[in-house]
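Observations on chain architecture
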Amino acid sequence: IVTEDDTPVDNIFSDKQQRLLAGSLESSWNPGRPFFAAANVGLFYDINEPPIVPDVMVSLDAALPEDVWEKEKRAYFLREYGKPPEVAVEIVSNKKGGETGDKFRKYARAGVRYYIVFDPLCQIQKDPLRIFELCGGQYIPKIDRWLPRAGLGVTLWEGTFEKRRDCWLRWCDGKGNLIPTG
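Keep in mind it's a predicted model, so treat the numbers as computed, not measured.

Scoring rules and cut-offs
- Residues numbered from 1 in each chain as written.
- Predicted model: local features only at pLDDT ≥ 70, side-chain atom pairs only at ≥ 80, totals over all residues.
- Heavy atoms only, no water.
- Helix = DSSP H or I, 4+ residues; strand = E, 2+ residues; numbered from the N terminus.
- Buried < 20%, exposed > 50% of the residue type's maximum accessible area, 1.4 Å probe, protein only.
- Lys, Arg positive; Asp, Glu negative; His and termini not counted.
- Salt bridge = Lys/Arg side-chain N within 4 Å of Asp/Glu carboxyl O.
- Polar contact = N/O pair within 3.5 Å; in protein donor to acceptor, adjacent residues only side chain to side chain.
- Contact = heavy atoms within 4.5 Å.
- Pairing = 2+ DSSP bridges.
- Axes fitted to C-alpha atoms, helices over the stretch in contact; angles between N-to-C directions.
- Arc of directions from axis to C-beta.
- 1 Å grid on protein atoms, 1.4 Å probe; cavity = no way out; pocket = protein on both sides within 12 Å on 5 of 7 lines; lining within 4 Å.
- Points joined across faces, edges and corners; volume = space filled by probe spheres on them.
- Expected span 1.5 Å × (residues − 1).

**Examining the side chain of Arg-170**
Here Arg-170 shows up in strand 11 (residues 164-172). One buried charged residue, Arg-170, remains without a salt bridge, the closest side chain of opposite sign being Asp-173 at 11 Å. Polar contacts involving the side chain of Arg-170 include one to the main-chain carbonyl oxygen of Ile-179, which spans 2.9 Å. Setting aside residues no more than four positions away along its own chain, Arg-170 makes contact with Leu-20, Leu-21, Gly-153, Val-154, Thr-155, Trp-157, Leu-178, Ile-179, Pro-180 and Thr-181.

Have a look at this one:
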């Protein structure tokens, strides 16, 4: 099993956006239960399939293994964690990523409850942000931005992160307050 192939991130914005999403949860969020957020880590959902590599994923009631350097601990194996992550986020950087096609189906097959597609340039969808919830094995669009089973929400935020002013995807609490960046 190839657990990492050293493929670089798509672009500088995606790199920063991944850090913003994963870093803010790891440094400032306390859901009252174990969790971890990861960026650009393989999600192995089927023994006969290559992994999906979400830009960001969040898994509740899961903890990182003690030794993340062991080869079999460097990725997210469904059979090891016993459950899929609650949230997968894809950041669209070009029209070739398959975010609303192949990846969409694979995340549903993996059982990821919430699938978020952030398309800041509206390259593949009309709206920059689309959120889907898994119901009966199929994704249905969510109208609101609250993810109840994850205890998180998402919002678009105009502001500066790492010296770059832009429109960013951010996590928020149930009242719409941004999760701090740390």
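**Examining the sheet that holds strand 10 (residues 152-161)**
Ordered in space as 9-10-11, the 3 strands form an open sheet in which the pairing is antiparallel. The open sheet has two edge strands with one neighbour each: strand 9 (146-147) and strand 11. Across the sheet, helix 1 (residues 12-28) touches strand 10 and strand 11, and the angle it forms with strand 11 is around 35°.

**Examining helix 3 (residues 102-110)**
If you check which residues of helix 3 are buried, you get Phe-104, Tyr-107, Ala-108 and Ala-110. Here the buried residues of helix 3 occupy an arc of 160° about the axis, which is enough to place them on one side. Across from the buried face of helix 3, at angles greater than 90 degrees, the exposed residues are Arg-105 and Arg-109. Tucked into the core, helix 3 has its buried residues touching strand 2 (43-44), helix 2 (78-81), strand 5 (87-91), strand 6 (114-118), strand 7 (129-135) and strand 8 (138-141). Just beyond helix 3, the residue with positive phi is Gly-111, at close to 90°.

**Focus: the layout of surface pockets**
Within this model, the second largest pocket holds a volume of roughly 170 Å³. In terms of lining residues, the second largest pocket is bounded by Asn-11, Phe-13, Ser-14, Val-92, Ser-93, Pro-120, Leu-121, Gln-123, Pro-128, Arg-164, Asp-166 and Cys-167. Secondary structure elements with two or more residues in the lining of the second largest pocket: helix 1 and strand 11. Residue contributions to the lining of the second largest pocket peak at 3 residues, all from strand 11.

**Considerations on helix 1**
If you check helix 1, its first and last C-alpha atoms are 24 Å apart, about what 17 residues at 1.5 Å a residue would give, namely 24 Å. Those residues of helix 1 that are buried lie in contact with strand 1 (35-39), strand 3 (56-60), strand 5, strand 6, strand 10 and strand 11. The backbone nitrogen of Phe-13 has a side-chain oxygen 3.1 Å away, supplied by the residue at the start of helix 1, namely Asn-11.

**Digging into the pairing of strand 1**
Sheet faces and side chains relate simply in a regular strand, where the side chains alternate between the two faces. Among the 5 residues that make up strand 1, 4 are buried, leaving the element largely enclosed by the rest of the structure. Pairing of strand 1 with strand 3 involves 5 bridges; the strand directions are antiparallel. From the neighbouring strand, Phe-35 faces strand 3, where its bridge partner is Leu-60.

**Some remarks on the pattern of salt bridges**
By the definition in use, this model includes 12 salt bridges. A salt bridge links Arg-33 to Asp-61; the shortest N-O distance between them is 2.8 Å. You can see Arg-33 sitting in the loop between helix 1 and strand 1 and its partner Asp-61 sitting in the loop between strand 3 and strand 4 (76-77), a full 28 residues away along the chain. A relative accessible area of 36% means that Arg-33 is categorised as partly exposed. Its salt-bridge partner being Glu-49, residue Arg-109 comes within 3.6 Å of it at the nearest N-O pair. One end of the pair, Arg-109, is in helix 3; the other, Glu-49, is in the loop between strand 2 and strand 3, and 60 residues separate them in sequence. Using a relative accessible area of 28% as the deciding quantity, one classes Glu-49 as partly exposed.

**Here's the deal with the pairing of strand 8**
Of the pairings in the sheet, the one linking strand 7 to strand 8 comprises 4 bridges and is antiparallel in character. Opposite Cys-135, over in strand 8, you have Gln-138 as the bridge partner. Connecting strand 7 to the antiparallel partner strand 8 that follows it, the hairpin turn spans 2 residues, and Gly-136 within it adopts a positive phi of roughly 60°.

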